[in-house]
Amino acid sequence: MNARRLLALPALALLLAGCGIRSTEVPTDFGPAPSRVRCSLSEPDVAAQASQGLAVQVFLLCGASLVAVDRTLRVPDGTADSERRVLVAQGLLDQLAESPSAPEREAGYQTYVRGATTVSGPRPKDPEDTLRLSTPPTELSAYALAQLVCTFSDSAAAEGDGSVILGGPATTLRRYECTDQVRSRPGSTQPPSREVTGG
């Protein structure tokens, strides 16, 4: 009986080897399993956020694309619309310039927007929804410009049509758009833009 079992082992090994699947430590087509879920954060407490101020979203880079992340801003009640737009824009810019939180960094989030940039409203001959940056948009990195355009255009800082008018202290104004291509490939796809004349 034992002899029969011993003789059956080589036959079983041949059958298993003939199934066409070779064992490997790591799947060759897909790489190793990820150690954590990237670009995934716990759901925010909406009620808590509402009590802290205006609920907004900023776009951070995660992987190769832009992902919206929830934030809150303090805007004084009764602020005029024109002043409110600038306050919101500056608050969003400050949020973008801050380092992501520890959970965000662990999930792979990062920002290319640098601090010390300020926002001002329109000059007398500018369209009323103009935002002028202390650093001209043309001097920003591709990632930083994409972050700003997508964050501003999707906020109370703009008109809500998916675009935003930006300029530097003394540069020509351009209307920038945040498209699906910009969100998915911010480093290689510049936000579409066109020159804007006075309003």
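Before going further, it helps to examine helix H5 (residues 142-153). Taking 1.5 Å of rise per residue, twelve residues should cover 16 Å, and H5 covers 16 Å from first to last C-alpha, within 8% of that figure. With ten of its twelve residues buried, H5 lies for the most part within the structure. Within H5, burial applies to Ala144, Leu145, Ala146, Gln147, Leu148, Val149, Cys150, Thr151, Phe152 and Ser153.

For helix H3 (residues 81-97), spanning 17 residues, the distance from its first C-alpha to its last is 24 Å, which sits close to the expected 24 Å at 1.5 Å a residue. Taken as a whole, H3 has its buried residues at Arg85, Val86, Val88, Ala89, Gln90, Gly91, Leu92, Leu93, Gln95 and Leu96.

Across the five residues that make up strand E6 (residues 163-167), a large majority, five, are buried. What you see with E6 is no split at all: Ser163, Ile165 and Gly167 on one side and Val164 and Leu166 on the other are buried throughout. By the bridge criterion, four bridges tie E6 to strand E7 (residues 174-177) in an arrangement that is antiparallel. If you follow Ile165 over to E7, its bridge partner there is Arg175. Hairpin connection, E6 to E7: the antiparallel pair is bridged by six residues.

For the rest of this paragraph, the subject is the pairing of strand E5 (residues 130-133). Along E5, one buried face is formed by Thr130 and Arg132 and the opposite face, lined by Leu131 and Leu133, is buried too. Relative to E5, strand E4 (residues 119-120) runs antiparallel, the two sharing two bridges. When the bridges of E5 are listed, Val119 appears paired with Leu133. Relative to E6, E5 runs parallel, the two sharing three bridges. Pairing of Arg132 across the sheet is with Gly167, part of E6.

The five strands are arranged E4-E5-E6-E7-E8 in an open sheet whose pairing can be described as mixed. Two strands in the sheet have a free side with no partner beyond their single neighbour: E4 and strand E8 (193-195). Here E7 runs beside E8; their pairing, made up of three bridges, is antiparallel. Its bridge partner lying in E8, Arg174 is registered against Glu195. In the packing of H5 onto the sheet, the strands contacted are E4, E5, E6 and E7, and the crossing angle to E6 comes to about 125°.

Below, the discussion takes up the state of the cysteines. Taken as a whole, this structure holds two disulfides when the rule is applied. In this model Cys39 forms its disulfide with Cys62; the gap between the sulfur atoms is 2.1 Å. What sets the handedness of the Cys39 and Cys62 disulfide is the S-S torsion sign, and at about -105° it is left-handed. On the criterion of sequence distance, the pair formed by Cys39 in the loop between helix H1 (2-17) and helix H2 (46-52) and Cys62 in strand E1 (residues 54-62) is long-range, its members being 23 residues apart.

Side chains that differ in charge, positive against negative, can pair when their charged atoms come close. This structure, assessed with the given rule, holds six salt bridges. The partner of Arg132 in a salt bridge is Asp126, with the nearest N and O atoms 2.8 Å apart. Exposure remark for Arg132: the relative accessible area of 8% places this residue in the buried category. Classification of Asp126 by relative accessible area gives buried; the value is 12%. One salt-bridge network, held together by shared partners, links Asp129, Asp161 and Arg175.

How each quantity is defined
- Residues numbered from 1 in each chain as written.
- Predicted model: local features only at pLDDT ≥ 70, side-chain atom pairs only at ≥ 80, totals over all residues.
- Heavy atoms only, no water.
- Helix = DSSP H or I, 4+ residues; strand = E, 2+ residues; numbered from the N terminus.
- Expected span 1.5 Å × (residues − 1).
- Buried < 20%, exposed > 50% of the residue type's maximum accessible area, 1.4 Å probe, protein only.
- Pairing = 2+ DSSP bridges.
- Contact = heavy atoms within 4.5 Å.
- Axes fitted to C-alpha atoms, helices over the stretch in contact; angles between N-to-C directions.
- Disulfide = S-S within 2.5 Å.
- Salt bridge = Lys/Arg side-chain N within 4 Å of Asp/Glu carboxyl O.

Everything listed is a geometric property; what it means functionally is a separate question.
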